[in-house]
Amino acid sequence: MSRPPTFTPPPCARARVLDTARGAFAVLDALPPTPARATALLLPGYTGSKEDFIALLEPLCAAGYRAVAVDGRGQYETEGSDRQESYAQEELARDVLAQAAALAGRERGPAAPLHLLGHSLGGQIARAAVLLDPAPFASLTLMSSGPAEVVPAQRDKVKMLSDALAVLSMEEVWQAMRALDPPQDADTGDGEELRRRWLRHRPAQLIATGAQLAAEPDRVDELAALGLPVHVLSGERDDVWPVEQFDAMARRLRARRTTVAGAEHSPNTARPQETASALAAFWDGLPGS
């Protein structure tokens, strides 16, 4: 489970609702002090939320970028249904396209590019969105998000969680998880804010997206055929996909490749300054930037 350093947005950001043609989504919207060079739409991973990007918001704003971190449907502060079919990957991808459309025009500025970034599960949803329609996006960043299904050990963990969610309450599952993974010193509020976030996730969303992680096909060649600029960013270690898979995926995509020293699966929380610098450098170097 991701552990953001805080659940309190920085001064540059405000919590609000993004209204789209597919419903309302809770977001953290961070604006630079001068007109933004571009907007970044940030999608969190499995069991995560928009708060996973909190540490990135100030450095991205300092680099001149607006950053909009979103809770997907059924995640934390965005409502969702109790039907697993509501969280099919194509449905979640169409949500992303609706979010992009809502950020276009008056909200983003007609000439400002939109960069899409997804962390872990969010990266696979982002990939599905650009495969449906790449037109809204100037680039795609896959952060700690591999080419296909997660490693066997993670598939086992996802199955165990899904089996538990089918018969236990969210509170009961939380207590079981904490027994296996006790609170750490870095946990905000000794884990209480993490608990509140967990309790607001929809079990159906976790079960459906967990199944996606365990069975995701390799769509790298489809993505490469689009010609969209891609950035593959990860820590130097990862227990969800081997780092070697990120390296190979970047070669297949002819993508920019960044490995963040000292980080593992969540460079956005472990090394936010270095991660934000790498993101800004990628976006700054794109044509038309």
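The rules we used
Residues numbered from 1 in each chain as written. Predicted model: local features only at pLDDT ≥ 70, side-chain atom pairs only at ≥ 80, totals over all residues. Heavy atoms only, no water. Pairing = 2+ DSSP bridges. Helix = DSSP H or I, 4+ residues; strand = E, 2+ residues; numbered from the N terminus. Axes fitted to C-alpha atoms, helices over the stretch in contact; angles between N-to-C directions. Salt bridge = Lys/Arg side-chain N within 4 Å of Asp/Glu carboxyl O. Buried < 20%, exposed > 50% of the residue type's maximum accessible area, 1.4 Å probe, protein only. Parallel < 35°, antiparallel > 145°, perpendicular 65-115°, else oblique. Left-handed = near helix turned anticlockwise from the far one by under 90°. Contact = heavy atoms within 4.5 Å. Expected span 1.5 Å × (residues − 1). Polar contact = N/O pair within 3.5 Å; in protein donor to acceptor, adjacent residues only side chain to side chain. Core = buried A, V, L, I, M, F, W, Y, C linked by side-chain atoms within 4.5 Å. Phe/Tyr/Trp six-rings, centres within 6.5 Å; stacked < 30°, edge-to-face > 60°. pLDDT = per-residue confidence, 0-100. Nonpolar A, V, L, I, M, F, W, Y, C, P; charged D, E, K, R; others polar.

(A) Seen up close, the sheet that holds strand β4 (residues 65-70). Read across the sheet, eight strands follow the order β1-β2-β4-β3-β5-β6-β7-β8 without closing on themselves; strand pairing throughout is mixed. Of all the strands in the sheet, the pair left with one neighbour each is β1 (13-20) and β8 (256-260). Across the sheet, the axes of successive neighbouring strands diverge by a mean angle of 25 degrees, strand direction being ignored. In this sheet, β4 lies alongside strand β2 (residues 23-30) in antiparallel orientation, the contact comprising four bridges. Within β4, the position partnered with Asp-29 by the bridge is Val-68.

(B) Seen up close, the pattern of salt bridges. One pass over the structure, following the stated rule, counts 26 salt bridges. Across the salt bridge formed by Arg-252 and Asp-218, the nearest N and O atoms sit 2.9 Å from each other. Of the two residues, Arg-252 sits in helix α9 (residues 243-253) while Asp-218 sits in the loop between α7 (203-215) and α8 (220-226), which places them 34 residues apart along the sequence. Given the relative accessible area of 34%, Arg-252 is considered partly exposed. In this structure, the salt-bridge partner of Glu-222 is Arg-219, at a minimum N-O distance of 3.0 Å. With a relative accessible area of 22%, Arg-219 lands in the partly exposed category.

(C) The arrangement of the packing of helix α5 (residues 170-180) against helix α6 (residues 192-200) in detail. Direction vectors running N to C along α5 and α6 enclose 140 degrees, while the axes themselves pass 9 Å from each other. On the basis of their axis angle, the class for α5 and α6 is oblique. Classified by chirality, the crossing of α6 by α5 is right-handed. Across the interface between the two elements, Met-170, Glu-171, Val-173, Trp-174, Met-177 and Arg-178 of α5 pack against Leu-194, Arg-195, Trp-198 and Leu-199 of α6.

(D) Up close: helix α3 (residues 121-132). Taking 1.5 Å as the rise per residue, α3 with 12 residues should run 16 Å; its terminal C-alpha atoms sit 17 Å apart, in good agreement. Most of α3 sits out of view: 10 of its 12 residues are buried. What α3 keeps buried is the set Leu-121, Gly-122, Gly-123, Gln-124, Ile-125, Ala-126, Arg-127, Ala-128, Ala-129 and Val-130. On its buried face, α3 is in contact with β3 (38-43), α2 (89-103), β5 (114-119), β6 (139-143), α7 and α8.

(E) A look at the side chain of Lys-50. As for its position among the elements, Lys-50 is in the loop between β3 and α1 (54-62). Overall, the relative accessible area of 1% leaves Lys-50 in the buried class. A polar side-chain atom of Lys-50 sits 2.6 Å from a polar atom in the side chain of Asp-71.

(F) Just the nonpolar core, in detail. Core analysis: the largest hydrophobic core is formed by 57 residues, its most contacted members being Leu-41, Leu-116, Leu-140 and Leu-253. The element best represented in this core is α2, accounting for seven residues. With residues up to four places along the chain from it excluded, the contact list for Leu-41 reads Val-68, Val-70, Val-96, Gln-99, Ala-100, Leu-103, Leu-114, His-115, Leu-116 and Leu-117. Judged by nonpolar contacts, the second largest core, of 27 residues, contains Ala-13, Leu-57, Leu-279 and Phe-282.

(G) Local environment of the packing of aromatic side chains. Within this structure, the stated rule accounts for three aromatic pairs. Summarising the aromatic geometry, the rings of Tyr-65 and Trp-283 are spaced 5.1 Å apart at their centres and angled 55 degrees between planes, so their arrangement reads as tilted. Taken together, the residues span a long stretch of sequence, with Tyr-65 in strand β4 and Trp-283 in helix α11 (residues 272-284) at a distance of 218 residues. On the accessibility criterion, Tyr-65 (2% relative accessible area) is buried. Using a relative accessible area of 0% as the deciding quantity, one classes Trp-283 as buried.

(H) Representation of the environment of Leu-56 in the model. Looking at the element boundaries, Leu-56 is found in helix α1. A residue is classified by how much of its surface remains accessible, and Leu-56, at 0% relative accessible area, is buried. Remark: the alpha-carbon pair of Leu-56 and Ser-277, spanning 221 residues in sequence, is separated by 9.5 Å. Not counting residues within four places of it along the chain, the set of residues in contact with Leu-56 comprises Met-143, Asn-268, Pro-272, Thr-275, Ala-276 and Leu-279.

(I) Local environment of the confidence of the model for the protein chain. Within the protein chain, residue pLDDT values average 94, and 94% of them lie at 70 or more. Below pLDDT 50 for its whole length, residues 185-189 participates in eight contacts with residues either more than four positions away or in separate chains.

(J) A look at the packing of helix α4 (residues 152-165) against α5. Remark: α4 packs on α5, axes separated minimally by 9 Å, with the N-to-C direction vectors making an angle of 145 degrees. On α5, the residues that touch Leu-161, Ala-164 and Leu-165 of α4 are Met-170, Val-173 and Met-177. When its residues are assigned to classes, the contact of α4 with α5 shows six nonpolar, no polar and no charged.

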